[in-house]
Structures are given as C-alpha cells and as structure tokens.
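# Examination of the molecular architecture
The chain contents come next:
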Amino acid sequence: MQLAASALLLRNETVRPFVNEVVEKILDSESRPATLLLLAVEFYRAMKSPEARRMLERISLDEKIGEENVREQAREALAEYLSEESVGTGE
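Residues numbered from 1 in each chain as written. Predicted model: local features only at pLDDT ≥ 70, side-chain atom pairs only at ≥ 80, totals over all residues. Heavy atoms only, no water.

Now for the packing of helix H2 (residues 16–28) against helix H3 (residues 34–47). For any two helices packed against each other, the geometry is given by the interaxial angle and the distance between the axes. Two elements in contact, H2 and H3, have axes whose closest approach is 11 Å; the angle formed by their N-to-C orientations is 140°. With respect to H3, the element H2 is oriented oblique. Helix-helix and strand crossings are classified by hand; for H2 and H3 the assignment is left-handed. In this structure, H2 contributes Arg16, Val19, Asn20, Val23, Ile26 and Leu27 to the contact, and H3 contributes Leu36, Leu37, Ala40, Phe43 and Tyr44. Of the residues contributing to the contact of H2 with H3, the split by class is 9 nonpolar, 1 polar and 1 charged. (Axes fitted to C-alpha atoms, helices over the stretch in contact; angles between N-to-C directions. Helix = DSSP H or I, 4+ residues; strand = E, 2+ residues; numbered from the N terminus. Parallel < 35°, antiparallel > 145°, perpendicular 65-115°, else oblique. Left-handed = near helix turned anticlockwise from the far one by under 90°. Contact = heavy atoms within 4.5 Å. Nonpolar A, V, L, I, M, F, W, Y, C, P; charged D, E, K, R; others polar.)

Below, the structure written as structure tokens:
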C-alpha cells in the first residue's frame, strides 16, 4: 500500500492507470482505508477528466466506506468538477 500512497501523491497523469487499478481494488475489498481514499479523492480532484469524475462519483456513492468524511470530500471534489465544467461550456 505504500507504493499506492506514493503514486497518489504524484498527481500525475502517467500514474493514473495504476491509481485507477488500486482504487478499484480498494473499493472492491472489505477494507477501505480512509487515508488512501482521501488521497485518491485529492488525486482525482487534480486530474479533471471524465475518468476522474467517474471515480469521484463511485467513491461518493460507496456506502461501504466507513468514513463519511471520505464520501463528503468526494462529493465536494465532484461539485467543483461539475462547476468548472459548466463554466467551461458557458452554461
């Protein structure tokens, strides 16, 4: 998990496939470490892509995540993404 945490801190497009795989595995497991998921939220917040939006949505809706703070942070990042998206399209 240390490698995953390091990749999440990079916030670089080149590690996105690895990060996506790690986050998918975390969300599919029984254990959902809040620290890693919060790092994932910040990673996706910085990426600003349709895939990042999808992952933020998945995290924000996952009721199996024990920490409400993780889902709340994902919802906030998603709201920022959607706000910036509507500004960019002039809506």
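After that view, the rundown keeps rolling.
As a further point, take H3. With 14 residues, H3 extends 20 Å from end C-alpha to end C-alpha; this agrees with the ideal 20 Å at 1.5 Å per step. Among the residues trailing H3, Lys48 stands out with phi positive, at a value near 50°. (Expected span 1.5 Å × (residues − 1).)

What follows covers the pattern of salt bridges. In this structure the tally under the stated criterion is 15 salt bridges. Between Glu24 and Arg54 there is a salt bridge; the shortest N-O distance is 3.4 Å. In this pair, Glu24 sits in helix H2 while Arg54 sits in helix H4 (residues 50–61), placing the two residues 30 residues apart along the sequence. Members of the salt-bridge network, linked through shared partners, are Glu13, Arg16, Glu24, Asp28, Glu51, Arg54 and Arg58. (Salt bridge = Lys/Arg side-chain N within 4 Å of Asp/Glu carboxyl O.)

Attention shifts here to the nonpolar core. Of all hydrophobic cores here, the largest spans 25 residues; its most connected members are Leu8, Val19, Val23, Phe43, Tyr44, Leu56 and Ile59. For this core, the elements supplying multiple residues, two or more each, are helix H1 (2–10), H2, H3, H4 and helix H5 (68–89). Take this core: its biggest share by element is 8 residues, from H3. Those residues in contact with Tyr44 that sit more than four places away from it in its chain are Val19, Asn20, Val23, Ala52, Met55, Leu56 and Ile59. (Core = buried A, V, L, I, M, F, W, Y, C linked by side-chain atoms within 4.5 Å. Buried < 20%, exposed > 50% of the residue type's maximum accessible area, 1.4 Å probe, protein only.)

Locating Leu8 in the fold gives a position in helix H1. A relative accessible area of 2% means that Leu8 is categorised as buried. In this structure Leu8 touches Val19, Leu36, Leu39, Ala40 and Phe43, once residues within four positions along its chain are discounted.

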